[in-house]
Amino acid sequence: MYKKVIALVLSVAALFTFASCSMLDTLLNKDNSSSNKSSEDGYQFKVGENASTMFFDFTVVSAEKVDEYAGILPTEGNQLIAVVATVTNTFGSELEMYADDFFLQWGKNGEIESGVFPIEAIDDTMAPETYFLADGETMEFHYIFEVPSTAQELHFVYSEVY
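Conventions and cut-offs
Residues numbered from 1 in each chain as written. Predicted model: local features only at pLDDT ≥ 70, side-chain atom pairs only at ≥ 80, totals over all residues. Heavy atoms only, no water. pLDDT = per-residue confidence, 0-100. Contact = heavy atoms within 4.5 Å. Phe/Tyr/Trp six-rings, centres within 6.5 Å; stacked < 30°, edge-to-face > 60°. Helix = DSSP H or I, 4+ residues; strand = E, 2+ residues; numbered from the N terminus. Buried < 20%, exposed > 50% of the residue type's maximum accessible area, 1.4 Å probe, protein only. Pairing = 2+ DSSP bridges.

**Q** Honestly, the confidence of the model for the protein in this entry has me stumped. Any pointers?
**A** Regions with low pLDDT carry predicted coordinates that are not meant to be interpreted in detail. Mean pLDDT for the protein: 77, with 72% of residues reaching 70 or above. Across residues 1-39, where pLDDT falls below 50, the model places 94 contacts with residues more than four positions away in sequence or in other chains.

As structure tokens, then:
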């Protein structure tokens, strides 16, 4: 089985350390002028940049820490991270997708510690467990993750398995 991982570095750690920083500036990682950087684990993109796979394109529209989402509250010691992403089918025929195609992982100093899949959808804005994209169709979904409050170096990741 072949795996290809594409990581989107969201640089959320700085967001929690520097409350006076603009969340958008932090997430866009404006001090890093290069994009689409290759690494051992895959490719890194900034928020707003398009990432292409064999089957579809996707773009992280926004990413932020939220106190709650549609009544969902983090458990003690955790925080919620809301990622909004668009997905466009470029495969040439209908494509079956899953909310768990994307996950959030974190670590320190470039070392991955752990990761989680998105919280199960409770409304129409969140990615359903399974959905279908017609050829050329684009959908936008919210992916909500509960991670430890101490999580640093957050990465929104797509794992391609075929």
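**Q** I would appreciate a short explanation of the packing of aromatic side chains in the present structure.
**A** One pass over the structure, following the stated rule, counts 13 aromatic pairs. Both rings, one in Phe55 and one in Phe91, keep their centres 5.0 Å apart while their planes meet at 55°; by these two values the pair is tilted. With Phe55 in the loop between β4 (50-52) and β5 (56-66) and Phe91 in the loop between β6 (78-89) and β7 (95-98), this pair connects stretches of sequence that are 36 residues apart. Every member of this aromatic cluster is reached through a ring pair, and the members are Phe56, Phe58, Phe102, Tyr143, Phe145, Phe156 and Tyr158.

**Q** Explain unusual backbone geometry here, please?
**A** When glycine is set aside, most residues are seen to have a negative phi, and most peptide bonds are trans. With phi around 45°, Ala70 is a residue other than glycine that occupies positive phi space. By secondary structure assignment, the location of Ala70 is in the loop between β5 and β6. Backbone geometry at Glu153 places phi at a positive 45°, although glycine is not the residue there. Take Glu153: it is sitting in the loop between β11 (138-148) and β12 (155-161). Overall, the relative accessible area of 27% leaves Glu153 in the partly exposed class.

**Q** How should the side chain of Thr59 be read in this particular structure?
**A** One can find Thr59 in strand β5. A residue is classified by how much of its surface remains accessible, and Thr59, at 14% relative accessible area, is buried. Apart from residues lying up to four places away in sequence, Thr59 is in contact with Gly48, Glu49, Asn50, Val84, Ala85 and Thr86.

**Q** Which parts of the structure should I look at to understand the environment of Phe102?
**A** In this fold, Phe102 is placed in strand β8 (residues 102-108). Considered as a pair, Phe102 and Phe156 are 54 residues apart in the sequence and their alpha carbons are 6.9 Å apart. Every residue in contact with Phe102, bar those within four places of it in the chain, is listed here: Phe56, Phe58, Val87, Met97, Phe117, Pro118, Tyr143, Phe145, Phe156, Val157 and Tyr158.

**Q** Looking at this structure, I do not really get the pairing of strand β9 (residues 111-116). What am I missing?
**A** For a regular strand, the rule is simple: side chains alternate between the two faces of the sheet. Pairing between β8 and β9: 5 bridges, direction antiparallel. Paired with Gly107 across the strands is Ile112, a residue of β9. Linkage of β8 to β9, two consecutive antiparallel strands, is achieved through a turn of 2 residues, within which Asn109 is found at a positive phi near 50°.

**Q** Would you take a moment to explain the environment of Ala70 for this structure?
**A** When its relative accessible area of 46% is taken as the criterion, Ala70 is described as partly exposed. Placed 53 residues apart in sequence, Ala70 and Asp123 show a C-alpha to C-alpha distance of 8.1 Å.

**Q** For this particular structure, what's the right way to read the environment of Ser114?
**A** In this fold, Ser114 is placed in strand β9. Residues Ser114 and Val147 lie 33 residues apart in sequence; the distance between their C-alpha atoms is 9.4 Å. The contacts of Ser114, once residues within four sequence positions are left out, are Leu104, Gln105 and Trp106.

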